[in-house]
Amino acid sequence: MSELLWGIDLGGTKIEGVILDPSRPEAAVHRLRRETQAPKGYDFILAQIEGVVRDLESVSGLVCPPRLGVGTPGAMEPSTGALKNSNTTCLNGRPLKGDLECRLTREIFMANDANCFALAEATLGAAVGDQVVMGLILGTGVGGGIVINGQVLQGAHGIAGEWGHNPLMGETHPCYCGRKGCVETAIAGPSLERFYQETAGARLRVPDIVRAAADGEAHALTTLDRLRWKFAEAIAAVINILDPDAIVIGGGVGNVEILYTEETRRVIERFLFHPTLSTRLLRPQLGDSAGVFGAAMLTNAR
Ligand SMILES: [Zn+2]
């Protein structure tokens, strides 16, 4: 058995804790959760996180190690240590890492949920053995994380891997971030559903659009073709800069089969600064365990 790693995944509705043996990730040693109850506010969330740590101690009979990994919604601003861009809004502007270190008297290793996803898939999941891995969240929003040699790349602004707000050629739809034509406004789930509604006149959810396309429905086929081309343009820009060995595609839209086809790879090559694409596009392997496993793996940081 390897040294056990402890991780917490702070979500909008639940706080999950794990004790992980990284040599046998398929069998978490202990795993449990509490409700976040975010409307009760920041101090309550701190108490719930501490509660999950105490619950893990009590079920395992172990003492929490001196390093604890925590995955968060939103990112930490490196210049101030405050959380930002979290949809659990009471966390924004709060120094969560410092407050947890005081409360738990442990060193806290913190990263956002996209980075935890990327780290888990790179070290325990789909891209084990690859040196440079990009993990994408392609769902209600579009985010991502970069893992190099098993370490999360945080970046000078804490935004490494955030490809969702790069601009796309010819796109003008306003984005919540204040700009127009971001990747997220074209290929996030709600954006695909909006495009389908504008062309077909009816509202369908992404899985239903995929089913309709399989039945040959023209508007659904157009919507998925748009996904292919916009995804290809967006991800080629990432590959031109990062040149990863593997890209793991998580999130609801990440389930759409066309993202993994040879035809899509040929479209990516049209935007790529290289005649052929060798980067592997992979489905995630860890399912909803990636967040909490990635949080635990943060404590492996050098
Ligand atoms: Zn944006």
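Residues numbered from 1 in each chain as written. Predicted model: local features only at pLDDT ≥ 70, side-chain atom pairs only at ≥ 80, totals over all residues.

**A closer look at the overall build of the protein**
Then, in step 1: Along the protein, the regular secondary structure elements total 9 helices and 12 strands.
Then, in step 2: For 302 residues, the compact-globule formula gives about 19 Å, and the C-alpha radius of gyration of the protein, at 20 Å, lands near that figure.
Then, in step 3: With the C-alpha coordinates aligned to their principal axes, the bounding extent of the protein is approximately 60 × 40 × 40 Å.
Then, in step 4: Contacts in the protein between residues far apart in sequence, at least 24 positions, make up 61% of those at least 6 positions apart. (Helix = DSSP H or I, 4+ residues; strand = E, 2+ residues; numbered from the N terminus. Rg over C-alpha atoms; globule rule 2.2 N^0.38 Å. Contact = placed C-beta atoms within 7 Å.)

**Here's the deal with the domain arrangement of the protein**
Then, in step 1: Along its sequence, the protein is carved into domain 1 (5–119 + 288–300) and domain 2 (129–284).
Then, in step 2: The C-alpha centroid of domain 2 is placed 27 Å from the C-alpha centroid of domain 1.
Then, in step 3: In this assembly, 13 residues from domain 1 lie in contact with 19 residues from domain 2.
Then, in step 4: Listing elements by their share of the side of domain 1 that touches domain 2, those giving two or more residues are β5 (75–76) and α3 (113–123).
Then, in step 5: A total of 5 residues in the side of domain 1 that touches domain 2 trace back to one element, the largest contributor, which is α3.
Then, in step 6: The class makeup of the residues in the side of domain 1 that touches domain 2 is 10 nonpolar, 2 polar and 1 charged. (Domains from an automatic or database assignment. Nonpolar A, V, L, I, M, F, W, Y, C, P; charged D, E, K, R; others polar.)

**Points about the pairing of strand β9 (residues 142–148)**
In the case of a regular strand, side chains alternate between the two sheet surfaces.
Then, in step 1: A large share of β9 lies buried, amounting to 6 of its 7 residues.
Then, in step 2: As paired elements, strand β8 (residues 132–138) and β9 share 7 bridges and run antiparallel to each other. Looking across to β9, one finds that Gly135 is bridged to Gly145.
Then, in step 3: The hairpin turn running from β8 into β9, its antiparallel successor, is 3 residues long.
Then, in step 4: Note: β9 against strand β10 (residues 151–152), 2 bridges, orientation antiparallel. The residue of β10 that forms the bridge with Ile148 is Gln151.
Then, in step 5: Hairpin connection between β9 and β10: a loop of 2 residues separates the two successive antiparallel strands, and Asn149 in this loop has a positive phi of roughly 50 degrees. (Buried ≥ 20, exposed ≤ 12 C-beta atoms within 10 Å, placed from the backbone. Pairing = 2+ DSSP bridges.)

**Notes on the nonpolar core**
Then, in step 1: Ranked by internal contacts, the top residues of the largest apolar core, which has 86 residues, are Ala118, Leu119, Ala120, Ile187, Phe293 and Ala296.
Then, in step 2: Residue contributions to this core peak at 9 residues, all from helix α7 (residues 218–242).
Then, in step 3: When residues of this core are assigned to domains, at least three fall in each of domain 1 (5–119 + 288–300) and domain 2 (129–284).
Then, in step 4: In this view, Phe293 contacts Gly7, Val18, Leu20, Pro25, Ala120, Leu124 and Leu286; residues no more than four positions away in its chain are not counted. (Core = buried A, V, L, I, M, F, W, Y, C linked by C-beta atoms within 7 Å.)

**Things to note about unusual backbone geometry**
Then, in step 1: A positive phi angle, close to 50 degrees, is found at Gln37, a residue other than glycine.
Then, in step 2: Within the secondary structure, Gln37 sits in the loop between β3 (30–35) and α1 (42–60).

**Concerning α3**
Then, in step 1: Burial of α3 is extensive: 11 of the 11 residues sit out of reach of the surface.
Then, in step 2: Buried within α3 we find Asp113, Ala114, Asn115, Cys116, Phe117, Ala118, Leu119, Ala120, Glu121, Ala122 and Thr123.

**A short note on the packing of helix α6 (residues 206–214) against α7**
Then, in step 1: Where α6 contacts α7, the axes come no closer than 8 Å and their chain directions differ by 115 degrees. Read as a crossing pair, α6 and α7 show a hand that is left-handed. Between α6 and α7, the residues in contact are Ile209, Ala212 and Ala213 and Ala220, Leu221, Thr223 and Leu224, respectively. (Axes fitted to C-alpha atoms, helices over the stretch in contact; angles between N-to-C directions. Left-handed = near helix turned anticlockwise from the far one by under 90°.)

**A few points about the environment of Pro22**
Then, in step 1: With respect to the helices and strands, Pro22 occurs in the loop between β2 (14–20) and β3.
Then, in step 2: Sequence separation between Pro22 and Leu124 is 102 residues, and the spatial gap between their C-alpha atoms is 7.5 Å.
Then, in step 3: In this structure, Pro22 is in contact with Ser2, Leu5, Leu124 and Met297, ignoring residues within four places of it in sequence.

**Here's the deal with the sheet that holds strand β1 (residues 5–10)**
Then, in step 1: The mixed open sheet is built from 5 strands, whose spatial order is β3-β2-β1-β4-β7. Two strands bound the open sheet, and with one partner strand each, they are β3 and β7 (107–112). Here the strands of the sheet are splayed against their neighbours by 20 degrees on average, with no regard to which way each runs.
Then, in step 2: On the sheet, helix α2 (residues 96–104) packs against β4 (67–72) and β7 and is oriented at approximately 150 degrees with respect to β7.
Then, in step 3: The sheet contacts of helix α9 (residues 290–297) involve β1, β2 and β4, and relative to β1 the element is tilted by about 130 degrees.

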